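If you want the building blocks of each chain, they are given just below.
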Amino acid sequence: MDKYEPVIGMEIHAELATVSKMFCGCKNDPFGAKRPNIYTCPVCLGLPGALPVPNKKAIDWTIMLGLALNCKIAQKSKFDRKHYFYPDLPKGYQISQYDEPLCFDGWIETTQGKVRITRVHLEEDTGKLKHAKVAGKNKTLIDFNRSGVPLVEIVTEPDIASSVHAKEFLKKIHNIIKALGISTASMETGSMRLEANISLREIKQESSVNKAISKIENNPKLPDYKIEVKNLNSFNFVKKAIDYEQVRQSELLEKGKVPMQETRGWDEKANKTVAQRSKETSEDYRYFPDPDIPPLEIDLAQIQKIRLAMPKTPDIYKQELLKIGVREDQAELLSKNTKMAVFTINAIKNEPKLKDMLVNKIIKEKLTGTASEALKLVEKIKSDKKSTVDSEDTLVPIVDKIIKQNKKAVADYLAGNENVVGFLVGQVMSKTKGKAKPSTVIGLIKKLVK
Amino acid sequence: MTKTDLTIKQFEHLIALSNLKLKNSEKESIRGMLSEAIEAVGVLDQLDTNNTLTLDHPTSLTNINREDEIKPSLTQNEALSNAKKTKGGYFVVEAIFEESNNA
């Protein structure tokens with residue numbers, strides 16, 4: 001048995017797919033921009049005197065995400081300045097949320113229990129840096145098309161117990177964000193980015209009572225260090241990084257050392273995490289409320305409006321599919337692709353009796369479409385079914401006739417030549433214009449020749 | 001009023017956070033000036049704020065938002081017009097070595 005168990009929390013960033021940026025009217029399309037620095041203005045370049053004004057849709061979408069993650073929504077919220085110097089941050093601070101996030105205290109269900117969501121807050125993305133040689137010297141190039149793009153951050157409690165669990169959790173979050181339609185949530189373009197906080201805890205040989213208690217108390221004893229791994233741009237890298245850290249940290253702990261609190265990055269080529277330059281000083285962001293942005297007050301009417309406009313999440317689709325009798329595993333599979341889930345529900349509503357056939361076909365062919373297309377699919381299956389000559393009553397006289405007409409073949413078959421069956425089936429199929437089910441026909445032939 | 005003396009350690013920390021590069025000759029005098037400034041502001045500590053609500057914002061405004069609409073941006077040339085150095089439409093700054101050094 002392993003001596004240590006991982007304690008993992010995640011931070012997930014997703015760029016919101018609003019048409020304009022978070023605090024200005026510049027186009028929000030950093031990935032589609034054909035040239036650098038074409039979607040900028042005094043606000044997102046951090047020029048003196050520019051005033052940021054929050055994008056209402058970005059706020060509403062963040063609240064929507066919070067609702068989907070079973071969060072409480074703040075009645076009062078505000079934006080704060082988080083200070084640090086880096087060339088991708090033109091103002092010298094990032095507008096973020098510190099002590100009054102829009103959403104907090106949520107959870108989502110996984111196969112291994114609830115993962116608690118600490119908070120969901122809204123901030124602005126930074127510019128993009130590129131490293132290049134200019135006149136033979138190493139330089140950093142900056143493109144501010146991404147500067148000020150709305151970015152939500154989801155932070156979890158350290159409730160994730162393994163790399164496999166982390167992957168399941170992240171896929172679930174990814175599906176929820178996709179279902180809400182608030183972000184492209186693409187790891188490839190960087191519109192979704194992942195960080196894991198990983199540490200190890202010694203597994204104590206506890207009595208079952210103590211175990212139960214510590215479970216109720218949500219394992220209060222957390223390790224006294226935490227390794228943050230950044231740069232995880234796929235679910236598989238998250239899994240690999242956790243597995244790698246588990247080994248690395250347990251080796252250190254075995255030697256009696258506490259792993260150094262630091263930020264590490266995933267090195268895709270070396271297949272390991274590497275220390276990123278550890279900061280000389282502890283992080284000191286000097287947060288304070290942004291005086292340029294008046295606070296937010298969110299009333300119940302606004303929350304209700306968002307709730308009503310909220311697209312269904314995969315979990316809700318799964319419940320609906322289960323309710324109309326779809327098998328658990330199929331409901332799980334379909335709910336991950338909301339378009340397929342909607343199509344399935346529409347199709348089954350038209351003809352509940354064809355449920356199994358519809359579900360199988362939709363899953364197999366990954367079908368999606370409008371309600372009328374769902375109806376068409378039902379009609380097609382119905383007419384196909386009607387045209388299948390499948391009842392034995394219809395088939396028996398035909399098979400009987402074929403047997404009588406092909407005495408030689410029947411004799412060969414009875415003499416042990418199984419191949420002849422194929423020939424007889426072919427005869428029946430041609431009589432029924434291919435509408436008979438071969439398996440039924442074979443069964444009948446074998447029965448009737450005797 | 002107590003004199004606030006910024007320790008060298010605190011001072012170095014602030015300078016690092018402020019991304020400033022000071023000559024040794026400047027350090028002592030600036031540390032002294034900063035200590036004096038903090039001391040001057042320290043007068044606020046004499047106020048009794050026990051029954052005062054925390055002020056998040058100087059105005060009484062709330063919910064000043066904008067609709068999600070695109071407004072014209074600066075052209076690339078305009079955006080880069082104050083840059084000390086540019087290349088191919090990018091701002092150019094001294095290299096950030098983090099990635100290359102550790103690889």
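Residues numbered from 1 in each chain as written. Chains lettered and ligands numbered in written order. Predicted model: local features only at pLDDT ≥ 70, side-chain atom pairs only at ≥ 80, totals over all residues. Heavy atoms only, no water.

Glancing now at the overall build of chain A. When helices and strands are tallied, chain A shows 14 helices and 16 strands. Relative to the globule expectation of 22 Å for 450 residues, the C-alpha radius of gyration of chain A, 30 Å, shows a markedly less compact shape. With the C-alpha coordinates aligned to their principal axes, the bounding extent of chain A is approximately 95 × 55 × 55 Å. Per-residue burial for chain A yields a buried fraction of 48% across its 450 residues. Partitioning the intrachain contacts of chain A with sequence separation of at least 6 by distance along the chain shows that 71% fall at a separation of at least 24. Approximately 22,900 Å² of chain A is accessible, and the part contributed by carbon and sulfur atoms is 53%. (Helix = DSSP H or I, 4+ residues; strand = E, 2+ residues; numbered from the N terminus. Rg over C-alpha atoms; globule rule 2.2 N^0.38 Å. Buried < 20%, exposed > 50% of the residue type's maximum accessible area, 1.4 Å probe, protein only. Contact = heavy atoms within 4.5 Å. Areas by Shrake-Rupley, 256 points an atom, 1.4 Å probe, with all protein chains shown as cover.)

Let us now look at the overall build of chain B. Helix and strand counts for chain B come out as four helices and two strands. When the helices and strands of chain B are read in sequence order from the N terminus, they spell out α-α-α-β-β-α. Summarising the internal contacts of chain B: among those between residues at least 6 apart in sequence, 38% fall at separations of at least 24. Element-wise, carbon and sulfur atoms account for 54% of the exposed surface of chain B, whose accessible area totals about 8,200 Å².

Residues and elements named next belong to chain A. One can find Ala241 in helix α4 (residues 235-254). The class for Ala241 is buried, based on a relative accessible area of 0%. For the pair Ala241 and Glu268, spaced 27 residues apart in the sequence, the C-alpha separation amounts to 9.6 Å. Residue contacts for Ala241: discarding those within four places in its chain leaves Ile198, Val229, Leu232, Trp266 and Thr273.

Bringing empty space enclosed by the protein into the picture now. Left-over empty space is what a probe sized like a water molecule reveals as it rolls over the atoms. Residue and element names in this part refer to chain A. According to the stated counting rule, one finds one cavity of 30 Å³ or more in the structure shown. The volume enclosed by the largest cavity comes to roughly 40 Å³. In terms of lining residues, the largest cavity is bounded by Val43, Cys44, Asp88, Leu89, Pro90, Lys91, Glu124, Asp125, Thr126, Ser147 and Gly148. In terms of residue class, the lining of the largest cavity is built from four nonpolar, three polar and four charged. (1 Å grid on protein atoms, 1.4 Å probe; cavity = no way out; pocket = protein on both sides within 12 Å on 5 of 7 lines; lining within 4 Å. Points joined across faces, edges and corners; volume = space filled by probe spheres on them. Nonpolar A, V, L, I, M, F, W, Y, C, P; charged D, E, K, R; others polar.)

Residue and element names in this part refer to chain A. One open sheet holds the three strands; their spatial order is β5-β4-β15, and the pairing between them is antiparallel. Each end of this open sheet is capped by a strand with a single partner; those strands are β5 (93-96) and β15 (288-289). Sheet topology places strand β4 (residues 80-83) next to β5; four bridges connect them, and they run antiparallel. Within the sheet, the bridge partner assigned to Lys82 lies in β5 and is Gln94. (Pairing = 2+ DSSP bridges.)

The next thing to look at is the sheet that holds strand β13 (residues 262-267) of chain A. Residue and element names in this part refer to chain A. The nine strands lie next to each other as β2-β6-β7-β10-β1-β11-β12-β13-β14, forming an open sheet whose pairing is mixed. The open sheet has two free edges, formed respectively by β2 (72-73) and β14 (272-275), since each of these has just one partner strand. Relative to strand β10 (residues 150-156), strand β7 (residues 113-124) is paired through seven bridges, and the arrangement is antiparallel. What sits directly across from Leu122, in β10, is Val152. Each of β2, β6 (103-110), β7 and β10 touches helix α1 (residues 56-68); the most contacted strand, β7, lies at about 175° to it. Against the sheet, helix α2 (residues 163-180) contacts β1 (4-15), β6, β7, β10 and β11 (192-202), and its axis sits at roughly 115° relative to β6. (Axes fitted to C-alpha atoms, helices over the stretch in contact; angles between N-to-C directions.)

Our focus in this paragraph is the interface of chain A and chain B. With 57 residues of chain A in contact, the opposing surface of chain B contributes 38 residues. Taking both partners together, chain A and chain B bury about 4,200 Å²; carbon and sulfur atoms supply 57% of that area. Between Lys139(A) and Glu94(B) there is a salt bridge, and its shortest N-O distance comes to 2.9 Å. The tally of links between chain A and chain B comes to 21 residue pairs in polar contact (both at pLDDT 80 or more). Listing elements by their share of the side of chain A that touches chain B, those giving two or more residues are α1, β8 (128-134), β9 (137-143) and β16 (296-297) of chain A. With six residues, β9(A) is the largest single contributor of residues to the side of chain A that touches chain B. Of the residues in the side of chain A that touches chain B, the class split is 28 nonpolar, 12 polar and 17 charged. As defined by bridge partners, β9(A) adjoins strand β2 (residues 90-94) of chain B across four bridges and the pair is classed as antiparallel. Looking at β2(B), one finds that Lys139(A) is bridged to Glu94(B). (Buried area = accessible area lost by both parts, 1.4 Å probe. Salt bridge = Lys/Arg side-chain N within 4 Å of Asp/Glu carboxyl O. Polar contact = N/O pair within 3.5 Å; in protein donor to acceptor, adjacent residues only side chain to side chain.)

The subject of this paragraph is α1(A). Residue and element names in this part refer to chain A. Taking 1.5 Å per residue, 13 residues should reach 18 Å; α1 reaches 18 Å between its end C-alpha atoms and fits that length. Burial within α1 is extensive, with 11 of its 13 residues counted as buried. Three or more residues of α1 are buried, namely Ala58, Ile59, Asp60, Trp61, Thr62, Ile63, Met64, Leu65, Gly66, Leu67 and Ala68. Measuring from the side-chain oxygen of the N-cap residue of α1 to the backbone nitrogen of Lys57 gives 3.0 Å; that N-cap residue is Asn55. Positioned one or two residues after α1, Asn70 has a phi angle of 60°, which is positive. (Expected span 1.5 Å × (residues − 1).)

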